[in-house]
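Below, each chain spelled out in residue letters.
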Amino acid sequence: MPDKSTPAQGFQFTLSNLKPVTQPPKITVTFPDGNTREFPYGTTGLEIAKSISPSLAKRTVVMALDGVLTDLTDPIVQDARLEFVSRDDPRALELIRHDAAHVMAEAVQTLWPGTQVTIGPVIENGFYYDFFRNEPFTPEDFPAIEKKMREIIARDQPFTKEEWTRDDTRKVFEDKDERFKVELLEAIPADQSIKIYKQGDWFDLCRGPHMASTGKIGTAFKLMKVAGAYWRGDSNNPMLTRIYGTAFAKQDDLDAYLKQIEEAEKRDHRRLGRELDLFHFQEEGPGVVFWHPKGWTLFQSLVSYMRRRLDGDYAEVNAPQILDKVLWETSGHWEWYRENMFAAQSAGEEAEDKRWFVLKPMNCPGHLQIFKHGLKSYRDLPLRLAEFGVVHRYEASGAMHGLMRVRGFTQDDAHVFCTEAQLAEECLKINELILSTYSDFGFGDIVVKLSTRPEKRVGSDESWDHAERVMATVLAEIEAKSGGRIKTAINPGEGAFYGPKFEYVLRDAIGRDWQCGTTQVDFNLPERFGAFYIDADGAKKTPIMVHRAICGSMERFTGILIEHFAGHFPLWLAPLQVMVTTITSEGDDYAKVVAAAARKAGLRVEIDLRNEKINYKVREHSLAKVPALLVVGKKEAENHTVSIRRLGSDGQTILPLDEAIAALVDEATPPDVKRAKGEA
RNA sequence: GCCGCAAUAGCUCAGCCGGUAGAGCACAUCAUUCGUAAUGAUGGGGUCGGGGGUUCGAAUCCCUCUUGCGGCACCA
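Cut-offs and rules
Residues numbered from 1 in each chain as written. Chains lettered and ligands numbered in written order. Predicted model: local features only at pLDDT ≥ 70, side-chain atom pairs only at ≥ 80, totals over all residues. Heavy atoms only, no water. Helix = DSSP H or I, 4+ residues; strand = E, 2+ residues; numbered from the N terminus. Buried < 20%, exposed > 50% of the residue type's maximum accessible area, 1.4 Å probe, protein only. Contact = heavy atoms within 4.5 Å. Areas by Shrake-Rupley, 256 points an atom, 1.4 Å probe, with all protein chains shown as cover. Lys, Arg positive; Asp, Glu negative; His and termini not counted. Charge placed at Lys NZ, Arg CZ, Asp CG, Glu CD. Arc of directions from axis to C-beta. Near = heavy atom within 4 Å. Polar contact = N/O pair within 3.5 Å; in protein donor to acceptor, adjacent residues only side chain to side chain. Nonpolar A, V, L, I, M, F, W, Y, C, P; charged D, E, K, R; others polar. Core = buried A, V, L, I, M, F, W, Y, C linked by side-chain atoms within 4.5 Å. Pairing = 2+ DSSP bridges. Axes fitted to C-alpha atoms, helices over the stretch in contact; angles between N-to-C directions. Parallel < 35°, antiparallel > 145°, perpendicular 65-115°, else oblique. Left-handed = near helix turned anticlockwise from the far one by under 90°. Disulfide = S-S within 2.5 Å. pLDDT = per-residue confidence, 0-100.

Counting its secondary structure elements, chain A contains 21 helices and 33 strands. Oriented by its inertia axes, the alpha-carbon framework of chain A measures out at about 85 × 75 × 60 Å. Put simply, chain A has 680 residues, and 49% of those count as buried. Sequence-distant contacts, at least 24 apart, represent 68% of the contacts inside chain A between residues at least 6 apart. Of the roughly 32,700 Å² of accessible surface on chain A, 50% is carried by carbon and sulfur atoms. Of note, chain A has its 87 positive side-chain charges centred 2 Å away from the centre of its 102 negative side-chain charges.

Structure (structure tokens):
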């Protein structure tokens with residue numbers, strides 16, 4: 001998947017390289033079928049295509065020279081593998097979109113002269129172009145822009161490439177008052193040539209490649225949304241107005257994409273949260289969750305699972321919600337994390353205690369107090385303290401997003417106090433726990449990223465060098481042990497202010513990535529708080545502290561699960577597991593027997609004795625996504641059976657009551673509990 | 001926080017160029033006892049997000065605040 005923030009890459013060589021000292025008379029071109037042919041030096045791809053067949057030339061939009069997409073009109077100056085890429089080729093999609101971005105920019109500048117252009121890259125599902133204009137665009141402008149784009153495409157103007165000198169280019173853009181383009185020009189390294197792509201009278205500074213003409217873009221494109229975006233992604237820079245669009249080779253592909261967006265909206269956790277009555281937000285509590293009974297049941301299932309997985313290795317603790325500001329000064333939070341923190345004072349005007357208390361944004365200082373309380377021996381290490389700590393962070397108003405980004409959340413947090421010698425093993429142990437947890441929820445694709453020292457940080461460079469070295473070694477081991485299943489990456493400068501971290505990124509059912517787990521190695525906070533243990537030789541030593549979370553935010557993880565399962569939870573997580581209902585009121589007494597038996601077996605069950613038609617009740621409970629619907633009528637009562645209808649199936653099975661309950665109980669057993677039973 | 005958009009019944013939404021608020025679903029009551037995705041009838045429900053302004057008159061126009069949505073920036 002392309003990096004969202006990076007403009008499309010492609011064609012690399014430059015026209016200025018095309019003047020060889022000694023000019024070889026021929027070049028040899030190898031075609032995909034393995035055949036080779038000689039052509040005069042400098043023959044263009046288009047000429048070769050034409051020499052093979054006019055229809056090939058017509059069909060081809062770009063060539064791949066040794067695998068690199070290159071303008072068809074570029075002369076070929078060395079032996080190469082040559083492949084003609086047609087418009088239907090997946091590789092052409094990037095060009096269709098990139099060309100569409102240029103056409104959109106032309107359309108916008110034609111409609112609103114004076115608008116300045118900046119950059120217009122291809123992104124994962126389309127393209128965008130950032131403009132500078134005092135009056136921002138709105139979606140109401142889309143029809144006009146799209147109409148103009150259609151005109152430009154219908155004109156089928158060739159994309160032509162020119163190489164300009166730096167000075168000329170600067171002058172041209174300065175004359176047009178395109179100050180952003182001038183800035184981009186100045187950022188191009190001196191050894192690179194300046195390429196301009198023209199379509200009719202319109203031109204843009206661009207590295208290419210492009211297709212032969214605007215007509216190749218086709219009509220399967222659509223403008224999607226407008227948004228503000230900072231120039232060069234820096235919030236100190238001016239705000240540009242960005243128009244997002246998408247384009248496909250065929251209308252069917254565009255329709256399928258729009259359909260897919262619609263489907264993704266249906267599993268949006270905010271929507272399902274309302275529909276399934278799981279939680280809500282309201283104005284008076286921006287970014288804090290009101291959990292409803294069903295949502296809280298789901299949340300607690302998750303917490304119980306995580307608590308079981310502490311598994312005797314960790315001791316669970318609970319540290320205070322608010323603590324004197326001085327503690328946060330000691331930790332460095334007051335200096336480095338202050339804009340994210342809530343602080344409180346007594347609201348009483350006559351209160352004698354005027355100290356500021358900080359609502360904890362992290363659990364680590366609290367756990368350090370617990371570690372420090374009483375003398376610790378090296379024999380106590382590693383000491384692993386876990387807490388389902390509720391933390392509050394003041395998030396920027398625009399950052400909030402349902403359960404995914406909130407101001408108050410529960411972390412499945414733990415801190416491991418250990419010695420240097422124990423560090424690598426502790427990291428690997430945490431790694432195993434994280435991976436096995438994700439796999440229990442059905443997440444397979446995991447990326448582990450190592451985030452290194454940020455600019456704002458505490459501690460000496462030596463301690464950072466050391467921590468990063470240890471973690472790089474562990475990362476290599478994680479990758480090696482996974483047998484290729486786990487991918488790894490480096491995230492420079494993204495570490496926490498007190499230490500480098502591993503970030504675990506999982507991919508959900510519809511291909512979105514979520515950063516959840518984290519392991520942070522901290523050589524700083526224990527020292528800042530004066531934490532120590534007595535080593536074997538009787539000397540005081542400072543422990544290393546490893547911060548670790550698996551779900552990260554339990555709220556976010558719940559949100560991810562809602563979307564991952566589209567509200568159709570596996571039985572062990574479903575808030576309501578079983579609904580018992582009747583055909584007619586004749587079945588009421590037996591339904592009560594069934595519900596009581598299911599409840600006694602530990603299932604979460606409700607009973608629906610309403611005098612409604614069975615069709616109506618089936619529909620209602622299906623929409624509520626209840627996993628198992630037990631319908632009982634006269635027959636079931638007589639035979640002591642139940643009719644089971646499972647969510648997502650339109651048939652039903654009749655089973656003896658005991659058997660049905662035993663099967664449901666087995667299915668409702670959490671995966672970790674099943675594993676433990678299997679081992680016993 | 002920044003740019004844009006939005007806020008009308010529990011939910012989804014209509015309400016034009018300012019003239020005093022509507023639908024479907026949900027809910028309640030009554031009738032209906034029905035074998036696996038909507039039975040019918042009747043009824044209740046709104047300071048049109050808050051505040052201010054323009055106007056004879058504001059859901060509608062303007063200002064402002066709050067919250068949400070889409071991005072950006074930030075991030076668990």
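The complete set of buried residues in helix α18 (residues 614–623) reads Lys617, Val618 and His621. The arc enclosing the buried residues of α18, seen along the axis, measures out at 100 degrees, which places them on a common side. Along α18, the residues that are exposed and aim more than 90 degrees away from the buried face are Asn615, Arg619 and Leu623. Contacts made by the buried residues of α18 are with β29 (578–582), β30 (605–608), β31 (628–632) and β32 (641–646). Count one or two residues on from α18 and you reach Lys625, which has phi positive near 60 degrees.

Attention shifts here to the protein's contact with RNA strand B. Surrounding RNA strand B, one finds 55 residues, the nearest of these being Asn611, Arg619, Glu636, Ser643 and Arg645. Counting only atoms of RNA strand B within 4 Å of the protein, the sugar-phosphate share comes to 50%. At 3.1 Å from a base nitrogen of RNA strand B is found a main-chain nitrogen or oxygen belonging to Gly398. Between RNA strand B and the protein, one listed contact pairs a base oxygen with a backbone N or O atom of Lys635 at 3.1 Å. Among the secondary structure elements, those contributing two or more residues to the surface near RNA strand B are β12 (221–230), β13 (239–247), α8 (269–275), α18, α19 (634–639) and β32. Looking at the surface near RNA strand B element by element, the count peaks at seven residues for α18. Classifying every residue of the surface near RNA strand B by side-chain character gives 20 nonpolar, 17 polar and 18 charged.

Judged by nonpolar contacts, the single largest core of 64 residues is most densely connected at Tyr438 and Phe557. At eight residues, helix α13 (residues 420–440) tops the list of elements feeding residues into this core. Residues within four places of Phe557 in sequence aside, it is in contact with Leu302, Tyr438, Phe441, Phe443, Leu506, Cys516 and Cys551. Core analysis: the next-biggest nonpolar cluster, separate from the first, contains 34 residues, Ala105, Phe127, Phe131 and Leu223 among them.

Side-chain direction in a regular strand flips from residue to residue, so the side chains alternate between the two faces of the sheet. Across the seven residues of strand β24 (residues 501–507), six count as buried, placing the element largely inside the fold. Sheet topology places strand β22 (residues 446–451) next to β24; six bridges connect them, and they run antiparallel. In the sheet register, Val447 faces β24, and the bridge partner there is Val505. Where β24 and strand β25 (residues 513–522) come together, six bridges link them in antiparallel fashion.

Let us look at the packing of helix α5 (residues 166–175) against helix α6 (residues 179–187). Their axes nearest at 8 Å, the elements α5 and α6 cross at an angle of 165 degrees. What the angle tells us is that α5 and α6 run roughly antiparallel. Relative to α6, α5 is oriented so that their crossing is left-handed. Residue-level inspection shows Arg166, Thr169, Arg170, Phe173 and Glu174 of α5 in contact with α6, the latter providing Lys181, Val182, Leu185 and Glu186. Looking at side-chain class alone, the contact of α5 with α6 contains three nonpolar, one polar and five charged residues.

The eight strands are arranged β16-β20-β21-β28-β25-β24-β22-β23 in an open sheet whose pairing can be described as mixed. A single partner strand is all that each edge strand has here, and the edge strands are β16 (315–316) and β23 (486–491). α13 contacts β20 (383–392), β21 (408–418), β22, β23, β24, β25 and β28 (544–553) of the sheet and is inclined by roughly 5 degrees relative to β28.

This brings us to the state of the cysteines. Inspection of every chain in the model, using the stated rule, returns zero disulfides. Summary of cysteine pairing: Cys418 is not part of a disulfide, and the nearest cysteine sulfur, belonging to Cys427, is at 7.4 Å. Cys418 gets classed as buried once you look at its relative accessible area, which sits at 0%. With no disulfide of its own, Cys551 lies 7.3 Å from the sulfur of Cys516, the closest cysteine sulfur.

Side chains of strand β1 (residues 26–30) alternate between two faces, with Ile27 and Val29 buried and Lys26, Thr28 and Thr30 left unburied. Here β1 folds back onto strand β2 (residues 36–40) in antiparallel fashion, the turn holding five residues, of which Gly34 has a positive phi close to 100 degrees. Sheet topology note: the β1/strand β5 (residues 80–86) ladder contains two bridges and is parallel. Residue pairing in the sheet places Thr30 in a bridge with Arg81 of β5.

What follows covers the confidence of the model for chain A. For chain A, mean pLDDT is 91; residues scoring 70 or higher make up 96% of the total. Counting interchain partners and residues more than four positions distant, the pLDDT-below-50 stretch residues 1–16 has 40 contacts. Scored as a whole, the predicted complex attains pTM 0.90, and scored at its interfaces, ipTM 0.94.

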